[in-house]
Structure formats: structure tokens, C-alpha cells
Amino acid sequence: MMLQFAIVSQSAAVDRFTNRLSLFNVIEAIQSPRYPVILTECAVVIMLRRSDNEPNIFDSTITLNIAGNRIAQSTIRVNFENRQYVRLISNFQNLPILAPGELQFIITIPNAEPITTSIPIVQFPPPAAVPGVAVAG
């Protein structure tokens, strides 16, 4: 089993007539001037490719970890429908992001090493105060 791609976005949609995938607000990193924050919504989109001798139908688990702590998990039924490729979309809501680090995604596949990828969680300095201007916070 090979990972063709894994993308995290705020949301995803599949056109019911054309089966085309649209991703909205791709998340390359999580950035905030302070933590903790809540990631209110995200979609994990995965494309897998299989060989002929690999299973056609199986259950997979998508786990999200930060610093070794699981913050979310989803079990998804994978059905290639006798094709070589399959697209998986798993939606998560209200993810607690407590501190900078890496948001790790682990996808389990039967009889194979888990597929792992991550996106950085970055803290940037808050905006500098401008004399005479109030900053909401």
C-alpha cells in the first residue's frame, strides 16, 4: 500500500456528479501568537494506492497526536471497489492544540507499517503595540 498524498484542509467537498474533490483552506501549518487554541474544523484527505495482492476492503484508523498525546481518532472503512486507488476523507472538529510542536497523523494499514505525516504547530510573536492604538486581546 502506498500513500499518494495526504492533505489537511479546513473542509473538503466531493461533487456528486463528477466525483471531483475540492479542498478549502489547505492547512500547511497551524500558527498562533498564543496557545492553547481550538482547531474548530479540519478534513484529512488521503489517497492510497494498492497492489493487486493487497486487500480490497479493510478498516483503517486515522489518529492525530501532538507530542505523543492522542487528540483525535477516527476509524474508517476502506473499500477500493476493485480499483487501484481510493480517496479517504475524515472530518475532525474542535481539536485542542495546547502548545507548539507537530500535529502528527498516523494511518493504519493491515499488514504494513503505519503511514505517518505531520504539520508544524508554530507560535509567532504577537503584534507589537503601536503607540496610541489599542490592541484587542
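Please read all numbers here as calculations on a predicted model, not as lab measurements.

Caption draft 1: Region of interest: the overall build of the protein chain. What the protein chain contains, in helices and strands, is zero helices and nine strands. Listing each helix as α and each strand as β along the protein chain from the N terminus yields β-β-β-β-β-β-β-β-β. Here the protein chain has a C-alpha radius of gyration of 18 Å; the compact-globule value for 137 residues is 14 Å, and the former is much larger. In terms of principal-axis extent, the alpha carbons of the protein chain reach across some 65 × 35 × 20 Å. Here the protein chain contributes 9 positively and 9 negatively charged side chains, and the mean placements of these two sets differ by 5 Å.

Caption draft 2: Highlighting the sheet that holds strand β1 (residues 2-14). In spatial order, the strands read β2-β1-β4-β7; together these four strands make up an open sheet with antiparallel pairing. The open sheet has two free edges, formed respectively by β2 (21-26) and β7 (85-97), since each of these has just one partner strand. Averaged over all neighbouring strand pairs, the angle between strand axes comes to 45°, with direction disregarded. In this sheet, β2 lies alongside β1 in antiparallel orientation, the contact comprising five bridges.

Caption draft 3: Representation of the pattern of salt bridges. Evaluation of the coordinates by the stated rule reveals two salt bridges. Between Asp59 and Arg77 there is a salt bridge, with its nearest N and O atoms 3.1 Å apart. Of the two residues, Asp59 is situated in strand β5 (residues 57-66) and Arg77 in strand β6 (residues 69-79); the sequence distance between them amounts to 18 residues. Between Arg83 and Glu81 there is a salt bridge; the shortest N-O distance is 3.4 Å. When its relative accessible area of 44% is taken as the criterion, Arg83 is described as partly exposed.

Caption draft 4: Here's a closer look at the side chain of Ser9. Inspection of the secondary structure assignment puts Ser9 in strand β1. A polar contact of 2.8 Å, which involves the side chain of Ser9, links it to the backbone oxygen of Ser11. Excluding its chain neighbours within four sequence positions, the residues that come into contact with Ser9 are Leu23, Phe24, Asn25, Val26, Ile27, Cys42 and Ala43.

Caption draft 5: Fine view of the nonpolar core. Grouped together as the largest cluster of nonpolar side chains are 29 residues, with contacts concentrated most on Ile30, Leu48, Leu64, Phe92 and Leu103. Mapped by element, the contributors of at least two residues to this core are β4 (37-49), β5, β6, β7, β8 (101-107) and β9 (115-123). With residues up to four places along the chain from it excluded, the contact list for Phe92 reads Thr40, Glu41, Cys42, Val44, Ile62, Leu64, Ala72, Gln73 and Ser74.

What counts and how
- Each chain carries its own residue numbering, running from 1 in the direction its sequence is written.
- In view of the model being predicted, local features appear only for residues whose pLDDT reaches at least 70, and side-chain atom pairs are presented and counted only at 80 or more, with totals across whole chains, interfaces and linings using the full set of residues.
- No hydrogens and no water enter the side-chain calculation; it runs on all heavy atoms of the structure.
- Secondary structure elements are taken from DSSP: a helix is a run of H or I of four residues or more, a strand is a run of E of two residues or more, and numbering for both begins at the N terminus.
- The size measure is the radius of gyration over C-alpha atoms, and the globule rule it meets is 2.2 Å times the number of residues to the 0.38 power.
- A residue counts as positive if it is Lys or Arg and as negative if it is Asp or Glu; His and the chain ends are not included.
- To locate a charge, take NZ of a lysine, CZ of an arginine, CG of an aspartate or CD of a glutamate.
- Whether two strands pair depends on DSSP finding at least two bridges between them.
- To get an axis, fit a line to the C-alpha atoms, keeping to the stretch in contact for a helix; angles then go from 0 to 180 degrees between the N-to-C directions.
- Note on definitions: salt bridges are taken to be side-chain nitrogens of Lys or Arg within 4 Å of carboxyl oxygens of Asp or Glu.
- Summary of the burial criterion: residues with accessible area below 20% of their type's maximum are buried, those above 50% are exposed, and those between are partly exposed, where the area comes from a 1.4 Å probe applied to protein chains only.
- Polar contacts here mean pairs of N or O atoms no more than 3.5 Å apart (in protein, one a potential hydrogen donor and the other a potential acceptor; neighbouring residues in sequence count only if both atoms are side-chain atoms).
- Any pair of residues with heavy atoms lying within 4.5 Å of one another is described as a contacting pair.
- Throughout this description, the term nonpolar core refers to a set of buried Ala, Val, Leu, Ile, Met, Phe, Trp, Tyr and Cys residues connected via side-chain atoms within 4.5 Å.

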